[in-house]
Amino acid sequence: MCDPQPVTTQTPALAKSWGRGRPNRPALGPAYWRLWTSAGLSSLADGIVKIALPLVAIRFTRSPVLIAGLSFAVTLPWLLFALQAGALADRLDRRRAMLGANCARALLLAATVIAVAVGAGSVWALYLVALSIGVAETIYDTSAQSIMPQVVNRDQLARANGRLYAAELAANQFIVPPLAGFLTAAGAAVAFAAPAGLWGVAIFALLFVRGDFKIERTARSTVRADIAEGLSFLWRHRLLRTLAVMVGLFNVATSASMAILVLFAVGPRSAMGLSAQLFGVLLAGSAAGSVLGSFGAELVIRLIGRARALLVSLVCGVLFVGTPALTANPVVVGVAFFVGGVGIIFWNVITVSFRQRITPDRLLGRVNSCYRLVAWGTMPVGAAAGGLLGQALGLKAVFALMAALTLALCAGMLIVTDRRMDAAEREAEMSPLAVRA
């Protein structure tokens, strides 16, 4: 039996661990690796579903609005349910919340397989699946991100998050795109049965993460009051507020681009002319970059600092969303996706670890959910905008406009500096409730 690591203290050398010296590297522990295994399997299942949905939907419609609408539906719960999911993550045992969410997703897809087998499939049934999967995802992901400081020490968070991102991204993007393409080609029932089974195995792995992951509450309060407290913490913290807005706008750009990418890339009438299988291989380029970036993030941060690494991330993002506006060459687009994947993972490792370090554990679920309401709640807006702009202006215009939006985000780095991030972490060491940056 492995108890979670203590999370109420932070080492004095915390800020220095991001510097040029080599940080201490204690073992992450068996509880972490069990969580890592479960998260990787969950991401594999989640990725298959998200890619299979539009590929299956093409059998029912070629409408850009309806295809992009599936991306809207799967991310809409982050706009509607993120705050409640954060309050639940701070009230419930976080491991049990993750188990419940995965059970719900596995059962939903099992029912979907039955519906497809009896010929009850339709684009509207896919919308129902997308919405339901999205609701469960808000609970699982908020709890999973909030449980991390209970499993490892806070000075291990960058490495723990990097390894977890490597597993999730390798599963969700590198393995999933070609796998989802082949599964979808084998039939809609197969495409949905596979992730249902994977979520079942992930549940089994998570059962072996021992410990009590419920945060002790010193006073009773309402869900509304809990949500308000988390919102207040995020809003009053200048750096967290700025980073949330920046990633929210970046997700508008990426969601708009990815929502129409299948129309730009797949089919004989598309610009790239790829098959569903080759489309999966194309998407694997960004995952390969993300996996490489997850292992190299610590080194890059030590060499150039967090602020410069974040700026590099934004430049990589411009290439990621903007290259299809210039060329339909699959090799060039694939290289741009690879570079974009490296940059995106740098951003995630830095910002998530920073947020986990400066947020009191009793607030972490709510602050994570409030952050993601801004960061991920914009994804359905971006997906809807991608479909509407693509139909009105053409697909290449969407890629160009989203590249310009991403480039404009570099202005935010005037606020997000190494000096301010280091100061915020020192303040958090002295007072867990500090909210100024």
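Because the structure is a prediction, the values reported are computed rather than measured.

## Thoughts on the overall build of the protein
Here's step 1: A tally of regular secondary structure across the protein gives 16 helices and 0 strands.
Here's step 2: By the compact-globule yardstick of 22 Å for 437 residues, the protein fits well, its C-alpha radius of gyration being 21 Å.
Here's step 3: Counting only C-alpha atoms and orienting by the principal axes, one finds that the protein spans roughly 60 × 45 × 40 Å.
Here's step 4: Here the protein holds 437 residues, and the buried ones make up 57% of them.
Here's step 5: For the protein, the share of sequence-separated contacts (at least 6 apart) that also reach a separation of at least 24 residues comes to 88%.
Here's step 6: Across the protein, 38 positive and 19 negative side-chain charges occur, with their mean positions spaced 6 Å apart.

## Let's talk about the layout of surface pockets
Here's step 1: Quantified by volume, the second largest pocket comes out at close to 180 Å³.
Here's step 2: Mapped onto the lining of the second largest pocket, the elements with two or more residues apiece are α4 (94-117), α5 (123-151) and α7 (188-206).
Here's step 3: In terms of residues, the lining of the second largest pocket owes the most to one element, α4, which gives 5 residues.
Here's step 4: Partitioned by chemical class, the residues of the lining of the second largest pocket number 12 nonpolar, 3 polar and 1 charged.

## Section: the environment of A188
Here's step 1: Note on placement: A188 falls in helix α7.
Here's step 2: Note on A188: relative accessible area 11%, which makes it buried.
Here's step 3: Residues A188 and T37, 151 residues apart in the sequence, show an inter-C-alpha distance of 27 Å.

## Some points on the packing of aromatic side chains
Here's step 1: Evaluated as defined, the whole model comprises 6 aromatic pairs.
Here's step 2: Arranged with centres 5.0 Å apart and planes meeting at 80 degrees, the rings of Y32 and W33 form a pair that is edge-to-face.
Here's step 3: The exposure class assigned to Y32 is buried, which follows from its relative accessible area of 0%.
Here's step 4: Exposure remark for W33: the relative accessible area of 38% places this residue in the partly exposed category.
Here's step 5: Look at F204 and F208: their rings are 5.2 Å apart centre to centre, the planes differ by 70 degrees, and that puts the pair in the edge-to-face class.
Here's step 6: F204 gets classed as exposed once you look at its relative accessible area, which sits at 51%.
Here's step 7: Residue class for F208 comes out partly exposed when judged on its relative accessible area of 37%.
Here's step 8: Put simply, the rings of Y32, W33 and W36 touch in pairs and so form one group of aromatic residues.
Here's step 9: Of note, R105 hangs over the ring of Y140, and the distance from its end group to the ring centre comes to 5.0 Å.

## Looking at helix α3 (residues 82-91)
Here's step 1: The element α3 is extensively covered by neighbouring structure, given that 7 of its 10 residues are classed as buried.
Here's step 2: Restricting attention to buried positions, one finds in α3 the residues A82, L83, A85, G86, A87, A89 and D90.
Here's step 3: Where α3 is buried, its residues meet α2 (64-80), α4, α5, α8 (223-236) and α13 (361-375).

## A look at the confidence of the model for the protein
Here's step 1: The predicted model of the protein averages 82 in pLDDT, with 91% of residues at 70 or higher.
Here's step 2: Segment residues 1-23 is flagged for pLDDT under 50; beyond a separation of four residues in sequence, or across chains, it makes 52 contacts in the model.

## Quick notes on the packing of α8 against α13
Here's step 1: The contact between α8 and α13 brings their axes to 8 Å, and the two run at 70 degrees. By the angle between their axes, α8 is roughly perpendicular relative to α13. Contacts between α8 and α13 pair D226, I227, E229, G230, L231, F233 and L234 from the former with R362, L363, R366, V367, C370 and Y371 from the latter.
Here's step 2: Tallied by class, the residues present in the contact of α8 with α13 amount to 8 nonpolar, 1 polar and 4 charged.

## Focus on a nonpolar patch on the surface
Here's step 1: Together, F204, L207 and F208 make up a nonpolar patch on the protein surface, roughly 290 Å² of accessible area in all.
Here's step 2: Turning to its location among the elements, L207 is positioned in the loop between α7 and α8.

## Some thoughts on the packing of helix α1 (residues 30-57) against α7
Here's step 1: In the contact formed by α1 and α7, the axes pass within 8 Å of each other and the chain directions differ by 165 degrees. Taken together, the axes of α1 and α7 are roughly antiparallel relative to one another. Taken as a pair, α1 and α7 cross one another with a handedness that is left-handed.
Here's step 2: Of the residues that constitute the contact of α1 with α7, the class distribution is 19 nonpolar, 3 polar and 2 charged.

Calculation criteria
- Residues numbered from 1 in each chain as written.
- Predicted model: local features only at pLDDT ≥ 70, side-chain atom pairs only at ≥ 80, totals over all residues.
- Heavy atoms only, no water.
- Helix = DSSP H or I, 4+ residues; strand = E, 2+ residues; numbered from the N terminus.
- Rg over C-alpha atoms; globule rule 2.2 N^0.38 Å.
- Buried < 20%, exposed > 50% of the residue type's maximum accessible area, 1.4 Å probe, protein only.
- Contact = heavy atoms within 4.5 Å.
- Lys, Arg positive; Asp, Glu negative; His and termini not counted.
- Charge placed at Lys NZ, Arg CZ, Asp CG, Glu CD.
- 1 Å grid on protein atoms, 1.4 Å probe; cavity = no way out; pocket = protein on both sides within 12 Å on 5 of 7 lines; lining within 4 Å.
- Points joined across faces, edges and corners; volume = space filled by probe spheres on them.
- Nonpolar A, V, L, I, M, F, W, Y, C, P; charged D, E, K, R; others polar.
- Phe/Tyr/Trp six-rings, centres within 6.5 Å; stacked < 30°, edge-to-face > 60°.
- Lys NZ or Arg CZ within 6 Å of the ring centre and 35° of its normal.
- pLDDT = per-residue confidence, 0-100.
- Axes fitted to C-alpha atoms, helices over the stretch in contact; angles between N-to-C directions.
- Parallel < 35°, antiparallel > 145°, perpendicular 65-115°, else oblique.
- Patch = residues over 30% accessible without salt bridge, like charges linked within 9 Å, V, L, I, M, F, W, Y side chains within 5 Å.
- Areas by Shrake-Rupley, 256 points an atom, 1.4 Å probe, with all protein chains shown as cover.
- Salt bridge = Lys/Arg side-chain N within 4 Å of Asp/Glu carboxyl O.
- Left-handed = near helix turned anticlockwise from the far one by under 90°.

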